[in-house]
Amino acid sequence: SSQIYPIHLPRETRTRRALLICNIEFEHLSRRDGAEVDVEGMTKLLEGLGYMVDIHCNLTSEGMATVMKDFADRKEHWTSDSTFLVFMSHGVRAGLCGTKSRGETTDILSLDTIYEKFNNKRCHALLRKPKVVIIQSCRGGKIGSVMVSDSTDPAVPTPSSAHTIPAGLEDDAICEVHLESDFGTLHSSTPDTVSWRSPVTGSIFIQRLIEQFRNHACNSDLQEIFRKVQHSFEKFPRQLPSQERTTMLRKFYLFPGH
């Protein structure tokens, strides 16, 4: 169906890969006790869905950016149909904390970097393929669901600045694509709010995400699973996962076992 992302290769020859970055130990911030449980749980989930998982722990923001670039360049993506990008760390409104972070302004990985490394300009091997971004981190210090309002003055291109295809080109001579398409992103909380983690059992968000994928990956598409994760927080008002910067053009089914 044109409404579903295709799986071109059989499981035996498909080379799905996932990236998992988890910062646990920090030079100036508290240790993220329980994060090891999250790493173990997410690794088992992704492996069960047919992904080889590249795991990296305790990186600076520069180290995270380097690891992402190297992962985006992996040749296995050419014979894959999708990827998962999982990030777990302390966080602030501006992004994810590296291991040398002292707070809001030092050693912070901007979330824009994730999309820049894997967009259709930088990562051709994942063109038109789902790129699932999972982010477990605080996004500020407030408790509760606080959404950031839309801009009151959105940038709308004027007719004079709109892109046009030069005259004389055949339809098959140029392939114009969206710069940033086919991303599906789920944050552990809404902007400016905290995410909750048990030192023993790990992050509440990761626990519930794993549960929903295990229960529903066989019959639900990605964004429906995301919605089920969000719904599971209905009676926990201090935290609400948030779908943001999602640009999926089709439905993405994991088809576990196929």
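In this text the structure is predicted, and so the values were computed from the model without any measurement.

The rules behind each value
- Residues numbered from 1 in each chain as written.
- Predicted model: local features only at pLDDT ≥ 70, side-chain atom pairs only at ≥ 80, totals over all residues.
- Heavy atoms only, no water.
- Helix = DSSP H or I, 4+ residues; strand = E, 2+ residues; numbered from the N terminus.
- Buried < 20%, exposed > 50% of the residue type's maximum accessible area, 1.4 Å probe, protein only.
- Contact = heavy atoms within 4.5 Å.
- Areas by Shrake-Rupley, 256 points an atom, 1.4 Å probe, with all protein chains shown as cover.
- 1 Å grid on protein atoms, 1.4 Å probe; cavity = no way out; pocket = protein on both sides within 12 Å on 5 of 7 lines; lining within 4 Å.
- Points joined across faces, edges and corners; volume = space filled by probe spheres on them.
- Nonpolar A, V, L, I, M, F, W, Y, C, P; charged D, E, K, R; others polar.
- Phe/Tyr/Trp six-rings, centres within 6.5 Å; stacked < 30°, edge-to-face > 60°.
- Lys NZ or Arg CZ within 6 Å of the ring centre and 35° of its normal.
- Expected span 1.5 Å × (residues − 1).
- Pairing = 2+ DSSP bridges.
- Right-handed = clockwise from strand over helix to strand, strands pointing away.
- pLDDT = per-residue confidence, 0-100.

Here we come to the overall build of the protein chain. The helix and strand inventory of the protein chain stands at 5 helices and 11 strands. Counting only residues that meet the buried cut, the protein chain has 48% of its 258 residues in that class. Taking the intrachain contacts of the protein chain between residues at least 6 apart in sequence as the baseline, contacts between residues at least 24 apart amount to 79%. Counting only carbon and sulfur atoms, one obtains 52% of the accessible surface of the protein chain, whose full area is about 13,300 Å².

For the rest of this paragraph, the subject is empty space enclosed by the protein. Applying the stated criterion across every chain, the model contains 1 cavity of 30 Å³ or more. In this structure, the largest cavity spans a volume of roughly 60 Å³. Lining the largest cavity we find V92, R93, G95, L96, L111, I135, S137, C138, R139 and H187. Within the lining of the largest cavity, the residues separate by chemical class into 5 nonpolar, 3 polar and 2 charged.

Attention now goes to the side chain of R17. Positionally, R17 belongs in strand β1 (residues 17-22). The contact partners of R17, leaving out residues within four places of it in the chain, are Y51, M52, D54, F71, R74, E76, H77, S80, S82, T83 and F84.

So, about the environment of L126. Mapped onto the elements of the fold, L126 is located in the loop between α3 (111-118) and β7 (131-136). For L126, a relative accessible area of 0% corresponds to the buried category. The spacing of L126 and S82 is 44 residues in sequence and 7.0 Å in space, taken between C-alpha atoms. With residues up to four places along the chain from it excluded, the contact list for L126 reads H77, S82, T83, F118, N120 and K131.

Let's shift gears to the packing of aromatic side chains. This model, assessed by the stated rule, comprises 7 aromatic pairs. Look at Y5 and F252: their rings are 6.4 Å apart centre to centre, the planes differ by 90°, and that puts the pair in the edge-to-face class. Linking Y5 in the segment before β1 with F252 in the segment after β11 (242-243), this pair joins segments that are 247 residues apart in sequence. This pair shows no difference in class: Y5 is buried, exactly as F252 is. Cluster of aromatic residues (ring-pair linked, three or more members): Y51, F84 and F213. The cationic tip of K131 hangs over the ring face of F183; the distance from NZ or CZ to the ring centre is 5.4 Å.

What follows is about helix α4 (residues 204-216). Three or four residues apart is the spacing at which side chains of an α-helix point the same way, because the helix has 3.6 residues per turn. Under the 1.5 Å per step criterion, the end-to-end length of α4 is 18 Å for 13 residues, consistent within 8% with the ideal 18 Å. All of the buried residues along α4 are I204, F205, I206, L209, I210, Q212 and F213.

What follows is about the environment of F236. When you line up the elements, F236 lands in the loop between α5 (222-231) and β11. We classify F236 as partly exposed; its relative accessible area is 23%. In this structure F236 touches W196, I204 and R208, once residues within four positions along its chain are discounted.

To find leftover empty space, a probe the size of one water molecule is rolled over the atoms. The volume enclosed by the largest pocket comes to roughly 250 Å³. Along the wall of the largest pocket there are 16 residues; nearest its centre are Y5, R128, K129, D182 and R250. Partitioned by chemical class, the residues of the lining of the largest pocket number 6 nonpolar, 5 polar and 5 charged.

Relative to strand β2 (residues 52-57), β1 is paired through 6 bridges, and the arrangement is parallel. Within β2, the residue paired with L19 across the bridge is D54. Regarding the hand of the β-α-β motif, the stretch spanning β1, helix α1 (residues 35-48) and β2 is right-handed.

What follows is about the confidence of the model for the protein chain. Close inspection of predicted coordinates is inappropriate for parts of the model with low pLDDT. For the protein chain, per-residue confidence averages 88 on the pLDDT scale, and 87% of positions sit at 70 or higher. Low confidence marks residues 144-163, where pLDDT is under 50. Its contacts with residues over four positions away, or in another chain, come to 19 contacts. When the criterion is pLDDT under 50, residues 168-173 qualifies, and its contacts beyond four places in sequence or with other chains add up to 1 contact.

Right, let's talk about the side chain of H77 for a bit. Structurally, H77 can be placed in the loop between α2 (61-72) and β3 (83-88). Those residues in contact with H77 that lie beyond four places of it in its chain are R17, F71, A72, T83, A125, L126 and K129.

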